[in-house]
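Listed below, chain by chain, are the residues.
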Amino acid sequence: HYSDTARCMIIRVKSLSPSTDVGALARKVVEECRLIPLSRLPQVEHLLHYLQSRRPAEGKGQVDQSSQLLRPRELTPFEGLEVGEEASISQVERYVELLYEGLPEKIRGSALLLQLARNPDNLEELLHNETALGALARVLREDWKQSVELSTIIIYIFFCFSSFSQFQAVVSHYKVGALCMAVVEHELRRHDLWKEELSKKNKAVPEQGSLRRDQEKAVRKYRSLLAKQEQLLRVSLYLLLNLAEDTRTELKMRNKNMVGLLVRVLDREDPELLVLVLSFLKKLSIFLENKNDMAEVDTVQRLARFVPCDHKDLLNLTLRLLLNLSFDSGLRTKMVEAGLLPKLTALLGDATHRQVAMWILYHISVDDRSRSLFAYTDCIPQLLQMLYDHGEEKMDIELISFCINLAASKKNAQIMCEGNGLKMVMKRALKMKDCLLMKMIRNISQHDGPTKALFIDYVGDLAAQMAAEEEEEFVVECVGTLGNLTVPELDWELVLREYNLVPYLKDHLKPGSAEDDLILEVVILVGTVSMDDACAAMLAKSGIIPALIELLNAQQEDDEFVCQIIYVFYQMVFHQATRDVIIKDTQAPAYLIDLMHDKNTEIRKVCDNTLDIIAEYDEEWGRKIQSEKFRFHNNQWLDMVESRQAEEGEAYLYDNDNDRTDLFYSADGITPGDGSISPDFYNDLQSQNGEDPPAG
């Protein structure tokens, strides 16, 4: 049977059971229902599969707010709009005749036609009545400024057609969409005028009772007009939303500033109108051009007032629109400026909106400038509590990704470590071998200050993971965390001996011994460990320097590898024992000289610092380094001089206007082969220069 609204047609499927052939049933539904086109067969089959597989308890008291169909409220009977009769499809011609009478008759005739149009059974018959539709379109085009009631009713009739995709062509044929946009724009201008007049009266409220009553009467009139106008806006915008299913039509709307009109409506208070506008904006926001339009008209600032709000649908749509907009870095910044950060954080405690709020906050946490602001909210304690609540269950990817981003900020990391925060996270990460949780720990460990000292208690646990042959992705994070621990109090020599890490480090420096990510982290760890004198000597004796040089040869195109390997040399030349090994027993200084003039600024900087130390302690290498620096500087100077001379030579060449082309192109040259020059040559040359030939 059919529902009492134009938007929905409810089909009751009584024979659906676990053994039903859903494909055959879907085809039968499409064949018997004329309003469902064949192209919708996959959607019908999908819905039947869902109904077949859902549990009986589902749906009782649990409604997904985001999936509810949005539909306009029933038309409220305006004053003087009592039709007083039930419309009949057989009386359509009589109703059409009323459209040629005065305004009251037009309203009556269109209201009766609306009764018919709201029943989907009548739409196909009305579709073929070109006289009725043509008359309705003509009245709307000519009289829409004369009566809000008349405009609302006629647009509602066409809205009934627009609710079904196969009937939308008739709406486009009569250009009702363009009329609706004109209506919306006109009504928004009228509303601005009403507000301006009302504001003037409010400012000039006198003490006299009679004038105050006039002002109160003006407010009541404004509210009455506003209610009628919002009904018209709602039906007009809903019709446009239906037509926007066609992307070509949506593009036309965009060219007529549809986004600007919708954003202006966000200043209204009617929740149903706002729900419709937000649904429309959410649909438009998936296209880049529309998103850019929203950025230009301060959409985010207008949306901020709806977070939070008591209307669940309104809040849900606002959050989903903000989520679409949060993919743009500029709009994320505007969200922070609009004060949305603490508001969204508060919604993490609401199970209904937690997921969408977390997605938006995750996007905001991507930006370095905004990330540190989370420290001034109660976001981090809430996230840590969510981590506790997961126990040993698999963690939501959104939750842990959010925590990883936040841990990249020093202030956030300090909050995470307060109390037993670090202990809890470390214990869970090591127990569950959770790579993402360990990545969060690694981010915490990168910050200088008191947080690094807290990791001393867990160095043994992290080092044990390297020897335990755990999953490589997990080991990468453990090694990376250890590589960040530049803590003077940490006895690295004891750690290396206790867990026998030197062979592991040396083996994993061989090109191809593991994935590049793990090898790079091992290089960084070697650099960290080499800060200790005893450790540096231990590593040098193990033959790790030749292994680093071999790796440098293999990864010479990777700037990150090159920079980190040079940093290891930089650390080792600080210590007497390793300095002598590097200078006398390896070719490391020669490689450093080759890298002195690398394109990468960081590589050049570390190289120069390392070579300066080598030059200070070894005279022979000092002379070579000085010679190379001079040679490079000299070459640069010579190149500059040569380029200038070439430019000056070219200028002289092009300015020379010599007509003696034979001097330039003679195959025999200017002078004869025997070296003799005839007197005629001098005479010709001097006459060209304006000189008299010598007397004979």
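As the structure is a computational prediction, the values presented were derived from the model and not from experiment.

Peer 1: Talk me through the overall build of the protein; I want residue IDs and the actual numbers.
Peer 2: A count of helical and extended segments in the protein gives 40 helices and zero strands. By residue count, 45% of the 696 residues in the protein fall in the buried class. By sequence separation, contacts in the protein at least 24 residues apart represent 71% of the contacts at least 6 residues apart. A total of about 37,400 Å² of accessible surface is found on the protein, and carbon and sulfur atoms cover 49% of it.

Peer 1: Please give an account of the layout of surface pockets that cites residues and values.
Peer 2: In this structure, the second largest pocket spans a volume of roughly 380 Å³. In this structure, the second largest pocket is lined by 16 residues; those nearest its centre are S172, G177, L243, T249 and K252. Those elements that provide at least two residues to the lining of the second largest pocket are α8 (168-173), α9 (176-203), α10 (209-243) and α11 (247-255). Tallied by class, the residues present in the lining of the second largest pocket amount to seven nonpolar, four polar and five charged.

Peer 1: Can you explain the environment of L551? Please cite residues and give values.
Peer 2: Take L551: it is sitting in helix α33 (residues 544-554). L551 sits 11 residues away from V562 along the chain, and the two C-alpha atoms are 8.9 Å apart. Among all residues touching L551, those that are not within four sequence positions of it are L509, P511, I519, V523, F561 and I565.

Peer 1: How would you sum up the packing of helix α16 (residues 312-325) against helix α19 (residues 354-365)? Please name residues and give values.
Peer 2: For the pair α16 and α19, the least separation of the axes is 9 Å and the interaxial angle reads 25 degrees. Between α16 and α19, the interaxial angle falls into the category roughly parallel. Crossing of α16 over α19 shows left-handed handedness. Note on element contacts: α19 touches α16 through V356, W359, I360 and H363, opposite L319, R320, L322 and L323. Classifying every residue of the contact of α16 with α19 gives six nonpolar, one polar and one charged.

Peer 1: Please give an account of the packing of helix α21 (residues 379-390) against helix α24 (residues 421-432) that cites residues and values.
Peer 2: α24 packs onto α21 with a crossing angle of 40 degrees between their chain directions and a minimal axis gap of 11 Å. Here α24 runs oblique to α21, going by the angle between their axes. When you trace α21 past α24, the crossing you get is left-handed. Packed against α21, whose contacting residues are L384, L387, Y388 and H390, the element α24 presents G421, M424, V425 and R428 at the interface.

Peer 1: Explain empty space enclosed by the protein residue by residue, including any values.
Peer 2: Here the structure, examined in full by the defined rule, presents two cavities of 30 Å³ or more. Taken as a whole, the second largest cavity encloses approximately 30 Å³ of empty space. In terms of lining, the second largest cavity is formed by L113, L126, A132, L133, L136 and I157. Examining the composition of the lining of the second largest cavity, we find that three residues originate from one element, helix α6 (residues 130-143), more than from any other.

Peer 1: I'd like a description of the pattern of salt bridges, backed by residues and values.
Peer 2: Scanning the entire structure with this criterion turns up 24 salt bridges. Between D328 and K291 there is a salt bridge whose closest N-O contact spans 2.6 Å. Here D328, found in the loop between α16 and α17 (329-337), pairs with K291, found in helix α14 (residues 288-296); they are 37 residues apart in sequence, far enough to count as distant. Residues joined by salt bridges that share partners form a network here, namely K439, R442, E477 and E521.

Peer 1: Give a description of the confidence of the model for the protein that names residues and reports values.
Peer 2: Looking at the protein, pLDDT values average 84 and 84% of them are 70 or higher. Between residues 1-7, whose pLDDT stays under 50, and residues either more than four places distant or in other chains, the model counts 21 contacts. Contacts of residues 653-676 to residues separated by more than four positions or lying in other chains number nine contacts, the stretch itself having pLDDT below 50.

Peer 1: Can you tell me about the packing of aromatic side chains, naming the residues and giving the values?
Peer 2: Two measures describe an aromatic ring pair: the distance that separates the ring centres and the angle between the ring planes. On inspection of all chains with the given rule, the structure shows eight aromatic pairs. Aromatic side chains F161 and F167 sit 6.2 Å apart centroid to centroid with 75 degrees between the ring planes, which places their arrangement in the edge-to-face category. Comparing F161 with F167 shows no difference in burial state: the two are buried. Centroid distance Y570 to F574: 5.0 Å. Interplanar angle 80 degrees. Geometry classified as edge-to-face.

Conventions we followed
- Residues numbered from 1 in each chain as written.
- Predicted model: local features only at pLDDT ≥ 70, side-chain atom pairs only at ≥ 80, totals over all residues.
- Heavy atoms only, no water.
- Helix = DSSP H or I, 4+ residues; strand = E, 2+ residues; numbered from the N terminus.
- Buried < 20%, exposed > 50% of the residue type's maximum accessible area, 1.4 Å probe, protein only.
- Contact = heavy atoms within 4.5 Å.
- Areas by Shrake-Rupley, 256 points an atom, 1.4 Å probe, with all protein chains shown as cover.
- 1 Å grid on protein atoms, 1.4 Å probe; cavity = no way out; pocket = protein on both sides within 12 Å on 5 of 7 lines; lining within 4 Å.
- Points joined across faces, edges and corners; volume = space filled by probe spheres on them.
- Nonpolar A, V, L, I, M, F, W, Y, C, P; charged D, E, K, R; others polar.
- Axes fitted to C-alpha atoms, helices over the stretch in contact; angles between N-to-C directions.
- Parallel < 35°, antiparallel > 145°, perpendicular 65-115°, else oblique.
- Left-handed = near helix turned anticlockwise from the far one by under 90°.
- Salt bridge = Lys/Arg side-chain N within 4 Å of Asp/Glu carboxyl O.
- pLDDT = per-residue confidence, 0-100.
- Phe/Tyr/Trp six-rings, centres within 6.5 Å; stacked < 30°, edge-to-face > 60°.

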